[in-house]
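A closer look at the structure
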Amino acid sequence: MPRSRPLLSFHFSPSTGRDAGILDEDPDEPPRGWFHYLPLLTLLLLMVAPHPSWLLVLVNHYLRTLHSSTSFIVHLLVTYTLTFLAFSSLVVCVACDPGPISLEKATVHREAEDNGRDDLGLREALMAGPDDDDLSPVKWCRKCWAPKPERAHHCTLCGRCVLKMDHHCPWLGGKCVGHRTYPAFFHFISSITLLSTYIAIVAGRAFWWSFNNPNSVLDNTTPIHELFLTAAGFVLALVVGSFTIYHMYLISTNQTTLESLSPFLLLRYLPPLPVSLRLSDPPMEHELSSKQRILVRDAHRSVQLYDLGWQKNWAQVFGWNKPRGWVYRILYGGASKGDGRSFPRNTRADEMLSKLAMRLATADKDA
């Protein structure tokens, strides 16, 4: 018979005075010094530095040499439109919170005892009713003492949990990329890839023309700028473009970077294993045998928990609910749809996880 209230009840008086903000401020969060912003300043420098050379090439090659004002205007508009898009999404990534974890349901204080795990244990499991999924042990972070929704992770560098955390990026001023900033992040790297590719192609064609028509070149410095822009654009397009293609794959399969690179995150979603295995629930990576770890790594390639098909996957990240929402997507990327706390699952996910659990249970017996 279902119970309407938790098995155990713990009452805590609301905090007052100096302790009132204990749930809002994490004393373990590392202080952020000026050096944390050095990668961001380097990124801004890399984005701005090529523009004097670019303007010189456009003026000397297209206006003064080829006398083509149309080409000059087109290249100017394209490059500075892409530059504006890159800067707009970068501002969103740096200024916006990647995905705050609400502390409204956190009505407990820190305990002195810590067993080294990130999630709470028996007491919170007993407090939770059968339908209180947000209060299950896997859904609580022990480090920042707050609810830990689905696909949220604790960033040790930021000292907090982030909704649908993708990765921690030092280039964004030491911030995480999460549910509220991931579309903007993808918008940024896509804009940089397009901008770098465009500049590399246009500057490369100009350099090739100058190489074949040395007597028509106005000065000897313009080809040097053209060569520099071609090489820099090619390198950036190769590096950032590879990153962009990788994230296109992640979006198409509905994965985050953490989920893609961490196969043992699957252990969080396994059904209960036999007690005879003497594993935690959910099992921890270090508790598995070598054969069991191989099984998890192999299963990780095929078990896509949130893959709904590439169209729905892209719509989940870049869809919009408001009229003309596509305008904001184009301008700065925006935030992902939904609240970032719950996500629809692959219809075959439970079946695949059950098969993995059965194989883990019999792995050492078959050896």
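Residue positions within a chain follow its written sequence, with the count starting from 1. A pLDDT threshold of at least 70 governs which residues receive local features in this predicted model, and a stricter bar of 80 or more applies before side-chain atom pairs are shown or counted, although totals over entire chains, interfaces and linings include all residues. Hydrogen atoms and water are omitted, and side-chain values are computed over all heavy atoms in the structure.

Time to look at the overall build of the protein. For helices the rule is a DSSP run of H or I covering at least 4 residues; for strands it is a run of E covering at least 2, with both sets numbered from the N terminus onward. On a plain count of helices and strands, the protein comes out with 11 helices and 6 strands. Each residue gets one of three labels from its accessible area relative to the maximum for its type: buried under 20%, exposed over 50%, partly exposed in between, using a 1.4 Å probe on protein chains only. Within the span of the protein, comprising 367 residues, buried residues form 42% of the whole. Contacts are residue-level and defined by heavy atoms, with any inter-residue pair within 4.5 Å sufficient. Long-range pairs, those at least 24 residues apart, make up 72% of the contacts in the protein with a sequence separation of at least 6.

Another aspect to go through is the pattern of salt bridges. Two side chains carrying opposite charge are able to pair once their charged atoms lie near each other. The term salt bridge refers to a pairing of a side-chain nitrogen on Lys or Arg with a carboxyl oxygen on Asp or Glu at a separation within 4 Å. Evaluation of the coordinates by the stated rule reveals 5 salt bridges. In this structure, the salt-bridge partner of E150 is R345, at a minimum N-O distance of 3.2 Å. With E150 in the loop between strand 2 (146-147) and strand 3 (153-155) and R345 in the loop between helix 10 (325-332) and helix 11 (349-366), this pair connects stretches of sequence that are 195 residues apart. Judged by its relative accessible area of 10%, E150 falls in the buried class. Classification of R345 by relative accessible area gives partly exposed; the value is 31%. Of the charged contacts in the structure, one is a salt bridge between K355 and E351, with a shortest N-O distance of 3.4 Å.

Our next topic: a nonpolar patch on the surface. On the surface, W34, F35, Y37, L38 and L41 cluster together into a nonpolar patch covering about 570 Å² of accessible area. Here Y37 shows up in the segment before helix 1 (38-48). On the basis of relative accessible area, Y37 is assigned to the partly exposed category, the value being 36%. Each patch groups residues whose relative accessible area exceeds 30% and which form no salt bridge, using 9 Å between like charges and 5 Å between nonpolar side chains of Val, Leu, Ile, Met, Phe, Trp and Tyr. Areas reported here follow the Shrake-Rupley algorithm with a probe of radius 1.4 Å; residue values treat only the protein chains shown as occluding.

Moving on, we get to the packing of aromatic side chains. We describe a pair of aromatic rings using the distance from one ring centre to the other and the angle between the two ring planes. Whether two aromatic rings pair depends on their centres lying within 6.5 Å, for rings of Phe, Tyr and Trp, where Trp uses its six-membered ring; planes under 30 degrees apart make the pair stacked, over 60 edge-to-face, and the rest tilted. If you walk through the whole model with that rule in mind, you get 9 aromatic pairs. Ring geometry for W314 against F318: centres 5.7 Å apart, planes inclined by 25°, an arrangement best described as stacked. Linking W314 with F318, this pair stays in helix 9 (residues 310-318), spanning 4 residues, or about one helical turn. Its relative accessible area of 24% is what places W314 among the partly exposed residues.

All right, on to the side chain of S196 then. Examined against the element boundaries, S196 turns out to sit in helix 5 (residues 182-212). Judged by relative accessible area, S196 falls into the buried class, the value being 5%. In contact with S196, not counting residues within four places along its chain, are G233, L236 and A237.

At a closest axis distance of 12 Å, the pairing of helix 1 and helix 3 (residues 69-95) adopts a crossing angle of 175°. Judged by the inter-axis angle, helix 1 sits roughly antiparallel to helix 3. Along the contact surface, helix 1 presents L40, L43, L44, M47 and V48, while helix 3 presents A86, F87, L90 and V94. Any residue outside Ala, Val, Leu, Ile, Met, Phe, Trp, Tyr, Cys, Pro, Asp, Glu, Lys and Arg is labelled polar, Gly included; the first ten of those are nonpolar and the last four are charged. Its residues assigned to classes, the contact of helix 1 with helix 3 comprises 9 nonpolar, no polar and no charged. The axes used here are C-alpha line fits, helices contributing only the stretch in contact, and every angle between their N-to-C directions lies in the interval 0 to 180 degrees. When an angle is under 35 degrees it counts as roughly parallel; over 145 it counts as roughly antiparallel; between 65 and 115 it counts as roughly perpendicular; any other value is oblique.

Residue-level confidence of the predictor is what pLDDT reports, using numbers from 0 through 100. Of the residues in the protein, 80% have a pLDDT of 70 or more, and the chain-wide mean is 81. Note on residues 103-137: pLDDT under 50 across the span, and 76 contacts to partners over four residues away in sequence or across chains.

With that settled, consider the packing of helix 5 against helix 10. At a minimum axis separation of 8 Å, helix 5 and helix 10 run at an interaxial angle of 55°. On the basis of their axis angle, the class for helix 5 and helix 10 is oblique. Across the interface between the two elements, P183, A184 and H187 from helix 5 touch R329, I330, L331 and Y332 from helix 10.

Mapped onto the secondary structure, L194 falls in helix 5. Residue classification places L194 among the exposed residues on the basis of a relative accessible area of 51%. Considered as a pair, L194 and V78 are 116 residues apart in the sequence and their alpha carbons are 10.0 Å apart.

Turning our attention to the environment of D350. Checked against the element boundaries, D350 lands in helix 11. Between the C-alpha atoms of D350 and L305, which are 45 residues apart in sequence, the distance is 8.4 Å.

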